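Overview (structure and organization)
Residues per chain, in single letters:
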Amino acid sequence: MSYELTDDVIEVQRGPEPGGLGGAYRTFGATLRGLRTTFARLAEKPVTIQYPEEKTPVYPRFRGRHKLHRFEDTGLEKCVGCSLCVAACPAQCIRVVADENTPEHQVSAGERYAAVYEINMSRCIFCGYCEVACPFDAITMGNDYELADYERSDLIFTKEMLLAEPIERTPLRMEGE
Amino acid sequence: MTVEPVLVQIAKAIVIFLLILNIVPQILLLERKLLGRFQARYGPNRVGLRGLGQPLADVLKLLSKERFTPDTAVPWMMAIAPVISIVTAVATLAIIPFGPQGAWGGDLGLYGIDVPIGVLYFFAFGSLSFYALMLGGWASGSKYSFLGAMRSAAQLISYEIAIGLSLLGVVLMAGSLSFVDIVEAQGSGGKGIWFFIPQIVGFLVFMVAGFAETARAPFDLPEADAEIVAGYNTEYGGMRFGSFFMAEYIEVIVISGVAVACFFGGWHGPGPEWLAPIWVLAKMFVFVILFIWVRATLPRLRYDQLMSFGWKVLIPIATLNVLITAIVLVV
């Protein structure tokens, strides 16, 4: 059965047979081309990012360490302790204990507030479901990825740690970078 | 050839040995730096200023490592293998000519010894160094070491022939086996031409076979780390491994030195005569960089490719080269 040479049929172009004098000649040429390729690298700047000093910039949507937010005008916490993030979390790393706001002790804008808000960073898989589940945008994912620590207990982030302005150690990727 | 006083010879031996012993770690750093740049990365740059402390750190690390002997090994054989390896490598250095007699005044010849059988001496010690690899691999009592040793034996025996034949053309042209005479034959007093021009085929064969003799990429099958861990030195650690490692680099220097002496006019170059060692070292430096450049570029050969290349390509070419040189010289 023969095929017409249409767009569907591709003619396979095979390389020359190895071996023999021609093969030796081609190998010699290939060797020289290889040497030229590596030599050209000498003139270039290395592509290495020297990590602890230089950090890889991340995209704005990069999911790193979480942040809890306050209202900027009143200073009240946005979190109302509804525990929807707890329900959404596939790794079950969030623990919320809610309490009633009182006029003397007004912590959040709603009726209730989170008395305890803990995220276990050693369990978190940084999926961002908590951010999606939150009805008040109280929790968002930040950009920090340098979360290593010596103790497991140090990786349980409390509400104060999550509310505090994180030390932004991670450079953000510029437009078109 | 004049025989020098024993004290002068001892002094020369110590100077050459110390010089090379100090150059080897620098070459190691140069190699790692250059390999990095050839691969678009930095190479070592953490220890000291721009990584200059790296050789010192490497040597200290090797010195402080545990000396390990497997149960299946033959301890005393395992211990003498690195010694043989380094002794043969350093002994070959003695015949590399760095300058003519009297270049630095007096009767002082700027070479370890000028043996009338220089080329044979080079081959003899080159062959002995395989014995170290064989012994080291065999005495380790490990299958990877054994495989590495077998590979070195086969590879080095095959390429020894090619390297010998490639130098025969030069020997025929110079009419002497002594390296000093060979270099002098390339100066204005002799033929006045560096032998790599009339002996370009011999030079190419010598370089390729030289890469195989030093067991460096792309002929690093004896220590092919992807297949047989580290070959003959798998079971070695600490300074015993360091000795093998250093011997390999000294062999690189030796091959560079022989290439310079036999094909690139040795100490000949512009400027006053006392510059001779500088010229030799500069030319050797270029060859060392070539070794590193090739290592950064070419992948390792397959074992059957290595054998067929040595026996079917290099040896016939080298033989033809010798025949043609001999015919041209006689006619």
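Residues numbered from 1 in each chain as written. Chains lettered and ligands numbered in written order. Predicted model: local features only at pLDDT ≥ 70, side-chain atom pairs only at ≥ 80, totals over all residues.

**Overview of the overall build of chain B**
Put simply, the test is: Secondary structure counts use DSSP, requiring at least four H or I residues in a row for a helix and at least two E residues in a row for a strand, with both numbered from the N terminus. Computation of the radius of gyration draws on C-alpha atoms alone. For the globule rule, the value is 2.2 Å times the number of residues to the power 0.38. Once C-beta atoms are placed from the backbone, each residue is buried if 20 or more other C-beta atoms lie within 10 Å of its own, exposed if 12 or fewer, and partly exposed for counts between those two. Two residues qualify as being in contact provided that their C-beta atoms, derived from the backbone, are within 7 Å of each other.
A count of helical and extended segments in chain B gives eleven helices and zero strands. Start at the N end of chain B and walk to the C end: the helices and strands fall as α-α-α-α-α-α-α-α-α-α-α. Radius of gyration (C-alpha) of chain B: 20 Å, near the 20 Å computed for a compact globule of 331 residues. Taking the principal axes of its C-alpha atoms as reference, chain B extends roughly 60 × 45 × 45 Å. Looking at the 331 residues of chain B, the share that counts as buried comes to 48%. When contacts within chain B are restricted to residue pairs at least 6 apart in sequence, those whose partners lie at least 24 apart make up 77%.

**Quick look at the overall build of chain A**
Counting its regular elements, chain A contains four helices and five strands. Counting helices and strands in the order they occur from the N terminus, chain A gives α-β-α-β-β-α-β-β-α. In terms of C-alpha radius of gyration, chain A reaches 29 Å, well past the compact-globule figure of 16 Å for 177 residues. Expressed as lengths along the three principal axes of its C-alpha atoms, the size of chain A is roughly 95 × 50 × 35 Å. Residues classed as buried in chain A amount to 15% of the 177 residues present. For chain A, contacts bridging at least 24 residues in sequence account for 71% of all contacts bridging at least 6.

**Observations regarding the sheet that holds strand 3 (residues 112-120) of chain A**
To keep things clear, this is the line we draw: At least two bridges found by DSSP between two strands are what make those strands a pair.
If you trace the three strands from one edge of the open sheet to the other, you get 2-3-5 (chain A), paired in antiparallel fashion. Taken across any chain shown, the strands that pair with only one partner, and hence form the sheet edges, are strand 2 (94-100) and strand 5 (156-157) of chain A.

**Thoughts on the pairing of strand 3 of chain A**
Of the strand pairs in this sheet, strand 2 of chain A and strand 3 of chain A are connected by seven bridges, and their pairing is antiparallel. Bridge assignment links A:Val97 to a residue of strand 3 of chain A, and that residue is A:Val116.

**Considerations on the interface of chain B and chain A**
Just so we agree on the cut-off: Polarity classes work like this: nonpolar for Ala, Val, Leu, Ile, Met, Phe, Trp, Tyr, Cys and Pro, charged for Asp, Glu, Lys and Arg, and polar for all others, with Gly in that last group.
Contact with chain B, which involves twelve residues of that partner, is made by twelve residues of chain A. Its residues assigned to classes, the side of chain B that touches chain A comprises seven nonpolar, three polar and two charged.

**With respect to the nonpolar core**
Test applied: Nonpolar cores are identified as sets of buried Ala, Val, Leu, Ile, Met, Phe, Trp, Tyr and Cys residues joined via C-beta atoms within 7 Å.
Counting 100 residues, the largest nonpolar core has B:Ala162, B:Val170, B:Ala209, B:Ile250, B:Ala259 and B:Cys262 as its most contacted members. Excluding anything up to four places from it in sequence, B:Ala162 contacts B:Val205, B:Ala209, B:Gly310, B:Leu314, B:Ile315 and B:Ala318. Among the nonpolar cores identified, the runner-up in size contains 19 residues, and A:Cys85, A:Cys89, A:Ile94 and A:Leu162 belong to it.

**Quick look at the packing of helix 7 (residues 200-213) of chain B against helix 9 (residues 238-263) of chain B**
To describe two helices that pack against each other, one gives the angle between their axes and the distance between the axes. All names here are of chain B. Short version of the rule: Lines fitted to C-alpha atoms define the axes, with helix axes restricted to the stretch in contact, and inter-axis angles between N-to-C directions lie between 0 and 180 degrees. With respect to orientation, any angle under 35 degrees is reported as roughly parallel, any angle over 145 as roughly antiparallel, any angle of 65 to 115 as roughly perpendicular, and every other angle as oblique. Here a crossing is taken to be left-handed if its near helix is turned anticlockwise relative to the far helix by less than a right angle, and right-handed if that turn runs clockwise.
Put simply, helix 7 and helix 9 touch, their axes get as near as 11 Å, and they point 170 degrees apart. Looking at the two axes, helix 7 sits roughly antiparallel to helix 9. In this structure, helix 7 crosses over helix 9, and the sense of that crossing is right-handed. For the pair helix 7 and helix 9, contact is made by Phe203, Phe206, Met207, Gly210 and Glu213 and by Ile255, Ala259 and Phe263, respectively.

**Here we look at the confidence of the model for chain A**
Under the convention used in this document: pLDDT is defined as a per-residue confidence score from the predictor, taking values between 0 and 100.
Model confidence for chain A is summarised by a mean pLDDT of 84, while 92% of its residues fall at 70 or above. When the elements of chain A are averaged for pLDDT, helix 1 (residues 20-42) of chain A gives the smallest value, 84, and helix 3 (residues 129-133) of chain A the largest, 92.

**Comments concerning the environment of B:Ser64**
Note on placement: B:Ser64 falls in the loop between helix 2 (54-63) and helix 3 (75-93). Sequence separation between B:Ser64 and B:Gly238 is 174 residues, and the spatial gap between their C-alpha atoms is 6.9 Å.

**Describing unusual backbone geometry**
All names here are of chain A. Look at Ser83: it is not a glycine, yet its phi comes out positive at around 65 degrees. Within the element layout of this structure, Ser83 appears in the loop between strand 1 (66-68) and helix 2 (84-88). For Ser83, a count of 17 C-beta atoms within 10 Å corresponds to the partly exposed category. Not every positive phi belongs to a glycine, and Gln92 is a case in point at roughly 50 degrees. With respect to the helices and strands, Gln92 occurs in the loop between helix 2 and strand 2.

**Here we look at the environment of A:Arg26**
All names here are of chain A. If you trace the backbone, Arg26 turns up in helix 1. The partly exposed category is assigned to Arg26, around which 14 C-beta atoms lie within 10 Å. Put simply, Arg26 and Pro16 are ten residues apart on the chain and 9.4 Å apart in space, counted from C-alpha to C-alpha.

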